Amino acid sequence: MPNRSLDDFAGGDDPIPADDADDATDSDDADDRDVSTLATYRWTPEAAACPQCGESVQKRWLDGDEYVCLDCKDW
């Protein structure tokens, strides 16, 4: 099998249709989705408050239906 360029696999279409582009966000408003489809870990460049203790942290883990800091996560 010969080597192929990545361009051979490119579809040419925008991967996010323009109608759905407004729906694709990383804001906390997106937490209203079914949590079974969410990532188990989040990192943000700016610190965000942990919803349980209020600590400002950059790293948060999914615990139940919210993202919490390391100390609040029920491991």
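The following paragraphs examine the structure supplied in this document. (Residues numbered from 1 in each chain as written. Predicted model: local features only at pLDDT ≥ 70, side-chain atom pairs only at ≥ 80, totals over all residues. Heavy atoms only, no water.)

Some details on the sheet that holds strand β3 (residues 66–68)
Phase 1: One open sheet accounts for three strands, arranged β1-β2-β3; its pairing is antiparallel. Strands at the two margins of the open sheet, each flanked by one partner only, are β1 (41–49) and β3. Strand-to-strand twist across the sheet, computed as the mean angle between neighbouring axes with direction ignored, equals 40°. (Pairing = 2+ DSSP bridges. Helix = DSSP H or I, 4+ residues; strand = E, 2+ residues; numbered from the N terminus. Axes fitted to C-alpha atoms, helices over the stretch in contact; angles between N-to-C directions.)

Structural notes on the packing of aromatic side chains
Phase 1: Within this structure, the stated rule accounts for two aromatic pairs.
Phase 2: Summarising the aromatic geometry, the rings of W61 and W75 are spaced 5.9 Å apart at their centres and angled 70° between planes, so their arrangement reads as edge-to-face. With W61 in strand β2 (residues 56–63) and W75 in the segment after β3, the pair connects residues that are 14 residues apart, well separated along the chain.
Phase 3: Judged by relative accessible area, W61 falls into the buried class, the value being 19%.
Phase 4: Classification of W75 by relative accessible area gives exposed; the value is 66%.
Phase 5: The rings of Y41, W61 and W75 are connected pair by pair, giving a single aromatic cluster.
Phase 6: Over the aromatic face of W75 sits the side chain of K73, whose NZ or CZ is 5.3 Å from the ring centroid. (Phe/Tyr/Trp six-rings, centres within 6.5 Å; stacked < 30°, edge-to-face > 60°. Buried < 20%, exposed > 50% of the residue type's maximum accessible area, 1.4 Å probe, protein only. Lys NZ or Arg CZ within 6 Å of the ring centre and 35° of its normal.)

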